[in-house]
Each structure stands twice: as C-alpha cells, then as structure tokens.
Amino acid sequence: MYGVLKRLAGGVEVALTVWSWSVTLGLTLLIVTDIFLRYFYSRPLPATWEIGELCMPHVVFLPFAFALAKGSHVRVAMLTSRISAQGERRLRILTNLLSAAMAGVLTVYSWRYFYFSFAIREEMLAAVELLWWWGKIAMPVGLAIFTLRFALDTLDLLRGEAAPGNP
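Let us look at the structure shown here. All figures in this text were calculated on a predicted structure; none of them were measured in a lab.

Within the chain one finds 6 helices and 0 strands. Its helices and strands in sequence order give the chain the pattern α-α-α-α-α-α, from N to C terminus. Relative to its length of 167 residues, the chain is extended, with a C-alpha radius of gyration of 20 Å against a globular reference of 15 Å. Once the C-alpha set of the chain is aligned to its principal axes, its extents read approximately 65 × 35 × 30 Å. Sequence-distant contacts in the chain: of pairs separated by 6 or more residues, those separated by 24 or more amount to 75%. Side-chain charges in the chain split into 15 positive and 11 negative, and the spacing between the mean points of these groups amounts to 10 Å.

Every α-helical turn comprises 3.6 residues, leaving residues that sit three or four positions apart pointing alike. Relative to the 20 Å expected for 14 residues at 1.5 Å per residue, helix 2 (residues 48–61) spans 21 Å between its end C-alpha atoms, a close match to the ideal helical length. Along its length, helix 2 shows its largest kink, about 30°, at leucine 54, and proline proline 57 lies within four residues downstream of that point. Among the residues making up helix 2, those that are buried are Thr48, Glu50, Gly52, Leu54, Cys55, Pro57, His58 and Phe61. Buried residues in helix 2 make contact with helix 1 (2–41), helix 3 (64–70), helix 5 (133–136) and helix 6 (138–159).

Turning to the side chain of histidine 58, a few remarks are in order. Mapped onto the secondary structure, histidine 58 falls in helix 2. Exposure remark for histidine 58: the relative accessible area of 4% places this residue in the buried category. At 3.1 Å, the side chain of histidine 58 forms a polar contact with the side chain of tryptophan 19. Within polar-contact distance, the side chain of histidine 58 engages the backbone oxygen of tryptophan 134 at 2.7 Å. Non-local contacts of histidine 58, meaning those with residues more than four positions away in its chain, are made with Trp19, Ser20, Val23, Pro63, Trp134, Gly135, Ile137 and Ala138.

About the criteria used
Residues numbered from 1 in each chain as written. Predicted model: local features only at pLDDT ≥ 70, side-chain atom pairs only at ≥ 80, totals over all residues. Heavy atoms only, no water. Helix = DSSP H or I, 4+ residues; strand = E, 2+ residues; numbered from the N terminus. Rg over C-alpha atoms; globule rule 2.2 N^0.38 Å. Contact = heavy atoms within 4.5 Å. Lys, Arg positive; Asp, Glu negative; His and termini not counted. Charge placed at Lys NZ, Arg CZ, Asp CG, Glu CD. Expected span 1.5 Å × (residues − 1). Bend = angle between axes of the 7 residues up to and from the residue. Buried < 20%, exposed > 50% of the residue type's maximum accessible area, 1.4 Å probe, protein only. Polar contact = N/O pair within 3.5 Å; in protein donor to acceptor, adjacent residues only side chain to side chain.

Shown next, in the form of structure tokens:
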C-alpha cells in the first residue's frame, strides 16, 4: 500500500511539473506573440500582463514536490557535514516534520483563499474576462503535494529506506 502511494505521488509530481513547464512555454509564446504584434502591427494582445500574473503561481508552486523528490532544492550542509549519519537522519526527520507542518498550514490557508475567490467568481480588472481563482488554485495544490512529499520522505527515513544525505 505504501509503495502504491509513493508511486502515485511520484506520478502526480511529474504531471504537475509537466503542467508547470507547459504553462511556462505557453506564457513565453504568448509574450513573444504580443511583442511581435505590438512591434509590427501596433496591435498588442489584450491582457497579456494579467494572463502572465495568473500563470506565475502554476510555474512556481506546482513543481515544488518534484524538486524535493529529486533532491534539487538548495541545501546548506554546514551543520550536516559535521555530524554522524544517525544525527543527520534525526535532523532530517525533525526538519521534514516541521516543513510538512508548515506546508500543511499554508495549504489550508491558501485553499481557503482560493475557495473564496472561486465562490464569488472574482475577476481581474483586465481587457478580457479573467477569473482570479485560476491562478490561485496552484498554491494549495502545489503545497498539498509538497506536504505529502515531506511526509513520505519522513516515513522513508523512519523505515530506514533513505540515506540521510540523499533524497
């Protein structure tokens, strides 16, 4: 059961990361098109800036868990390089638990913030109709998967399946 959950979480992390880079690519193409139309035809696309604002949370929050799973987050090893493997394991368990708790709290509050925006159909002030919740959904989803990844990494450490210095 635990293995199935880990594989499912890994699949979701990859899917969210693919979505994130797809949004990045789409936003890049949108900006290039807007610049081209503005420069050559003096007819820029409406609301390109606002669409970019809605896309940024998808670019930032969704790949968090994938980066954590791959070990590509920034780590400071000044302390951990000077302690034993068992001490490092205990420290990682503690920091993972604290990180999971913090990400969990942020998930709850960002979900409430998203849901309020969704419920009232909050719109951006833009040249076209854009709903704010489309950008706001990325934070609770990304943080929820981030929380799950911290919990899974902690369980791996407790079960002895992960080396302290490796993700």
